[in-house]
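# Summary of the model geometry
Letter by letter, the chains look like this.
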Amino acid sequence: MPRSKKFRRARLIVIVLVVLLVAGVGYGGYRGVTAVRASFPEVDGTVKVAGLSAPVDVKRDANGIPQLYADTSEDLFRAQGYVQAQDRFWEMDVRRHITAGRLSEMFGDGQVDTDSFIRTMGWRQVAQKEYDTKLSPETKKYLQAYADGVNAWLAEHPGGEKASLEYAMLGAVNSGYKPEQWTPVDSVAWLKAMAWNLSGNLQEEIDRSLLAQDFGPDKIAELYPDYPYARNGTIVKTGTVNGDTYRPADGSTPAGAAPGAGTAQGAATTKALLQGLTDRIDGMPQLLGRPGQGIGSNSWVVAGSHTTTGKPLLANDPHLGPGLPSVWYQMGLHCRTASPACQFDVTGFTFAGMPGVVIGHNKDVAWGFTNLGADVTDLYLEKVTGPDTYQVDGKDEKFDLRKETIKVAGGEDRTITVRTTRTGAPLISDVSTEQQNVGKYAPNGSSAPDRGTGGYGVALQWTALSPGRTMDAVFELDRARNWDEFRAAAKDFAVPAQNLIYADSKNIGYQAPGVIPVRGKGDGSMPAPGWDSSYQWKPDPVPFTALPYSLNPAAGYIVTANQAVVDPSYKYSLTKDWEYGTRAKEITDQIEGLLKNNGKISPDDMQTLQLDNTSIMAKTLVPLLLKQRIDDPYVREAQDLLKDWNFHQDADSAAAAYYNGVWRNLLSLAFGQKFPADIRAKDNCLLVRQQDDPTKPDSSSKIVTQCGTRDPSKAQPDGGDRWTEVVRTQLDKPDSSWWTYIDSDHKEQKGLDNLLKEAMKNARQDLTSLLGKDISTWSWGRLHKLELREQTLGTDNSSIASGLVHKLLNRGPYRLSGGSAAVDAAGWNAAAGYQVDWIPSMRMVVDLNDLDSSRWVNVGGASGHAFHQNYNDQTDLWLKGKLLTWAYTPDAVEKATKHKLVLTTG
């Protein structure tokens, strides 16, 4: 996050404190150590917590993972709020300021643009509406109890050094800042951040529009090829929808209803239309990682008939952006005795700041998530006719107007006006002066209204901007006892749309939940004309009863890894932008192989499969690379690394390093050179052919060096799953125009073979500059590094002092195996470099035969305090692919307990 000059001064204070801590001498060293330790949680003894009706036990194991035991549900969630605040309150406080668009109150005017964008979308307002109008009285009661627990801790730590080291630092430049009381809506608003980062194809919609500057529909289609249904399959065999009821076609047990294409006008948008929007999205805090396609996950479940335990096994590893503390928080929530007053006995992964458990198991069922990737966002071009009017079907409509005042630490308040269409879509082009002119150069089709001098506006339609009941669903999942109750909970899971997998002691299942729009005209792949009401969403989304599910399929297992859920015969359109199924196919093949060779799958097999780092694309590409005759011995030496390579991307593999270097250079030569600068990575300078007059296809051209302008994390071609399919389809066309490139001598060359040779030569040069001339010293891990960064100060690079702060808060770099399209998905963006930018954020394997034999691991640790022993204690295990024993039953938890704190009535 950007920082003000005052904030940079604060970092110097931190540096002084660090020096004192390291030195550990004199009065200053004593004060520094005391300040740090003062924020650590009490984990033994007794603490009074206002509002409890009876004592609550907090049992922590050696990794600081808390298991809570209470007599009532409200006491359980009150204690959860207290304990999470002990470990993670700074993180919680920053998160709620993000979701409310109030970062400027903490960090100054450098956050005004981010706050403006979030205020324009109205995350906090939607969360408030959810709380007021949608959530059940029971859920509200639990949310309030959680908030009371947070506030009980906050009353003991009202700010300053007793809350955390970060507050002490913040107070040096923003002395008036004190954390406010926690509210239930603070917890609900976090769901909007989840939904934003898992929101489907918004970035693809923007990218296709920007590519339309230089490419026609046929070429763009080659960059977004059809999903390979025949090769990579779908999550479920596509059933039928009769009326609004889905019927499986894969041998599933039928279940009753759960309770309770054309291109749009202006599609060829230009750089001026969407570049400002892209810049604003790039500036958004990425709490879960980069949004849209590329954020993946793996989950699979195997029926008991196919396991060594005789009961189902379930695995999950969501792929999210790395950071410290980890986005996940491990926890157990247990009622001492099951009763109407206390119905929870659940354990798993949740988010600091939100009650309940999001992914995990209770005594009856287990579940996991992967991103469905449904298309739940659309951009609309709007003909704005006045300060408060816009045009629909030739008539003026009134915007809904509201004022938002952004308070700025150390500066003057800023006021913005948010304009929202009748469909609830905010005009995001109002966020800044730059975006007030978006649409200025959009094509004016024959049926489009005149854009005038101000151009078209851009509005965002998004399912998460309508109130939903996802918070209800979390509590319903936590106490579900069977498949029917699981589906009933899934019905309320509105956003983000996820693939839910399920297991109990006898059954396995899958359910697609979520609010998924039904469009009028258009397919959501390009910005739609807002002035034509026929392009608006239908009033009702896809009915839950029509969404795909599977229960006990004949195959005996279910795999979800962001692949297509169903094939095009399905009645409704879920998205055009599935991930391409590379990971899903590899997991499926591995499961089939284990069943064929061993007959049964063990918990160890499930864990080992999570670490499969095979490059599937290398199996296709390496034989072509080895066929190329390389005369230069310097390059041939590197080419020889690929001989007898097993395609495993191990951290110590020289062949994996060279292959990925070739892959990156292949993408740059074939595609990067041809892409507009606003899609390529900032400061990534390439040789490109530039026409003297871009409006005239036959005009003369010249070769120039041009640098990209996009944030590296979202640059293209990123080398992910889509690009493996793009390249795979083009390999069958050795004379494709994509294989035309400009070589290092500024000469244009043609043909696949020539490009492969050039990519190998360039990769040899790149790796020599990065790893040295001696290839015996090369390894993939030396290139493919992960740094775990604290997400506020730990990501700031605005001064020389930042480096010292990073050493204080961040951990790494670590050398990683894996790759973007591998099951062990340590993702990297080929357009930006080799550094890791998304990871398996946690791993778990649930054993329904013996829940105490289940296993889990987090990337970081339980604590959010940088010097605490549990801040980063699980990372080494995670790096080695090891999992911790996951104690669940009272006896197992008691045996693992190292610290016991009793929260008593206050």
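Residues numbered from 1 in each chain as written. Predicted model: local features only at pLDDT ≥ 70, side-chain atom pairs only at ≥ 80, totals over all residues. Heavy atoms only, no water.

## Quick look at the overall build of the protein
- Along the backbone of the protein there are 26 helices and 35 strands.
- In the protein, which comprises 906 residues, the share counted as buried stands at 62%.
- With an accessible surface of roughly 32500 Å², the protein has 49% of that area assigned to carbon and sulfur atoms. (Helix = DSSP H or I, 4+ residues; strand = E, 2+ residues; numbered from the N terminus. Buried < 20%, exposed > 50% of the residue type's maximum accessible area, 1.4 Å probe, protein only. Areas by Shrake-Rupley, 256 points an atom, 1.4 Å probe, with all protein chains shown as cover.)

## Comments concerning unusual backbone geometry
- Geometrically, the link from Leu 324 to Pro 325 is a cis peptide bond, its omega value of -10° lying close to zero.
- Along the chain, the position of Pro 325 falls in the loop between β7 (313-320) and β8 (329-335).
- With an omega of -10°, the peptide bond running from Val 495 to Pro 496 counts as cis.
- Phi is positive for Asn 552, close to 50°, though the residue is something other than glycine.

## Notes on the state of the cysteines
- Inspection of every chain in the model, using the stated rule, returns two disulfides.
- Here Cys 335 is linked by a disulfide to Cys 342, with a sulfur-sulfur distance of 2.0 Å. The sign of the -85° torsion about the S-S bond sets the Cys 335-Cys 342 disulfide as left-handed. Here Cys 335 and Cys 342 have matching classes, each one buried.
- Across the disulfide, Cys 685 is cross-linked to Cys 707 (sulfur-sulfur distance 1.7 Å). Around the S-S axis, the bridge from Cys 685 to Cys 707 shows a dihedral of about 95° and counts as right-handed. A residue pair is termed long-range when its members are at least 10 positions apart, and Cys 685 in strand β24 (residues 685-691) and Cys 707 in strand β25 (residues 701-707) qualify at 22 residues.
- Of the residues examined, Cys 685 reaches a relative accessible area of 37% and is grouped as partly exposed. (Disulfide = S-S within 2.5 Å.)

## Structural notes on the pairing of strand β15 (residues 395-398)
- Sheet analysis places strand β14 (residues 389-392) next to β15, joined by four bridges and oriented antiparallel. Residue pairing for β15: Gln 391 is matched across the bridge by Asp 396. (Pairing = 2+ DSSP bridges.)

## Digging into the side chain of Thr 560
- Mapping Thr 560 onto the fold places it in strand β23 (residues 557-560).
- Only 2.6 Å separates the side chain of Thr 560 from the side chain of Ser 299, close enough to count as a polar contact.
- Looking at Thr 560, its side chain comes within polar contact range of the side chain of Thr 370, at 2.8 Å.
- Residue contacts for Thr 560: discarding those within four places in its chain leaves Ile 235, Ser 297, Asn 298, Ser 299, Thr 370, Asn 499, Ile 501 and Tyr 510. (Polar contact = N/O pair within 3.5 Å; in protein donor to acceptor, adjacent residues only side chain to side chain. Contact = heavy atoms within 4.5 Å.)

## Brief notes about helix α20 (residues 654-670)
- With 17 residues, α20 extends 24 Å between its outermost C-alpha atoms, agreeing within 8% with the 24 Å of an ideal straight helix rising 1.5 Å per residue.
- Within α20, 16 of the 17 residues are buried, which leaves the element mostly enclosed by the surrounding structure.
- Regarding α20, its N-cap is Ser 653, as a side-chain oxygen of that residue lies 3.4 Å from the backbone nitrogen of Ala 655 further along. (Expected span 1.5 Å × (residues − 1).)

## Here we look at the sheet that holds β14
- Strand order in this open sheet of three strands is β13-β14-β15, and the pairing throughout is antiparallel. What marks the edges here is a single partner per strand, and that holds for β13 (384-386) and β15. Across the sheet, the mean angle from the axis of one strand to that of its neighbour is 45°, orientation sign disregarded.
- Bridge count between β13 and β14: two bridges; the pairing is antiparallel. Note on β14: the bridge partner recorded for Val 384 is Tyr 390. (Axes fitted to C-alpha atoms, helices over the stretch in contact; angles between N-to-C directions.)

## With respect to the nonpolar core
- Counting residues in each nonpolar core, the largest one holds 201 residues, and the members touching the most others are Trp 462, Tyr 570, Tyr 658, Tyr 659, Phe 671 and Leu 903.
- When residues of this core are assigned to their parent elements, the largest contribution, 12 residues, is made by α20.
- Setting aside residues up to four positions removed in sequence, Tyr 570 forms contacts with Thr 238, Val 241, Tyr 246, Val 542, Ala 546, Leu 547 and Pro 548.
- Counting 34 residues, the second largest nonpolar core, distinct from the first, contains Leu 313, Leu 788, Ala 826 and Val 859. (Core = buried A, V, L, I, M, F, W, Y, C linked by side-chain atoms within 4.5 Å.)

## Structural notes on the packing of aromatic side chains
- Within the structure shown, the criterion is met by 44 aromatic pairs.
- With centroids separated by 5.4 Å and ring planes inclined at 75°, the aromatic side chains of Phe 349 and Trp 856 adopt a geometry described as edge-to-face. Of this pair, Phe 349 sits in strand β9 (residues 345-350) while Trp 856 sits in strand β33 (residues 855-858), and the two are 507 residues apart along the sequence.
- On the basis of an interplanar angle of 90° and a centroid distance of 6.3 Å, the ring pair of Trp 780 and Tyr 834 is categorised as edge-to-face. Taken together, the positions of Trp 780 in helix α23 (residues 780-783) and Tyr 834 in the loop between β30 (827-828) and β31 (836-840) put the pair 54 residues apart, joining distant regions of the chain. No difference in accessibility class separates Trp 780 from Tyr 834, as the two residues are buried.
- Among the aromatic residues, those joined into a ring-pair cluster are Phe 89, Trp 90, Phe 107, Trp 153, Tyr 167, Tyr 177 and Trp 182.
- Lying over the aromatic face of Tyr 834, Arg 664 brings its terminal NZ or CZ to 5.3 Å of the ring centre. (Phe/Tyr/Trp six-rings, centres within 6.5 Å; stacked < 30°, edge-to-face > 60°. Lys NZ or Arg CZ within 6 Å of the ring centre and 35° of its normal.)

## Concerning helix α21 (residues 721-730)
- With nine of 10 residues buried, α21 is to be regarded as a mostly interior element.
- Turning to α21, its buried residues number three or more, namely Asp 721, Arg 722, Trp 723, Thr 724, Glu 725, Val 726, Val 727, Arg 728 and Gln 730.
- Where the residues of α21 are buried, they touch α11 (217-223), α12 (229-232), α16 (582-597), α18 (616-627) and α20.

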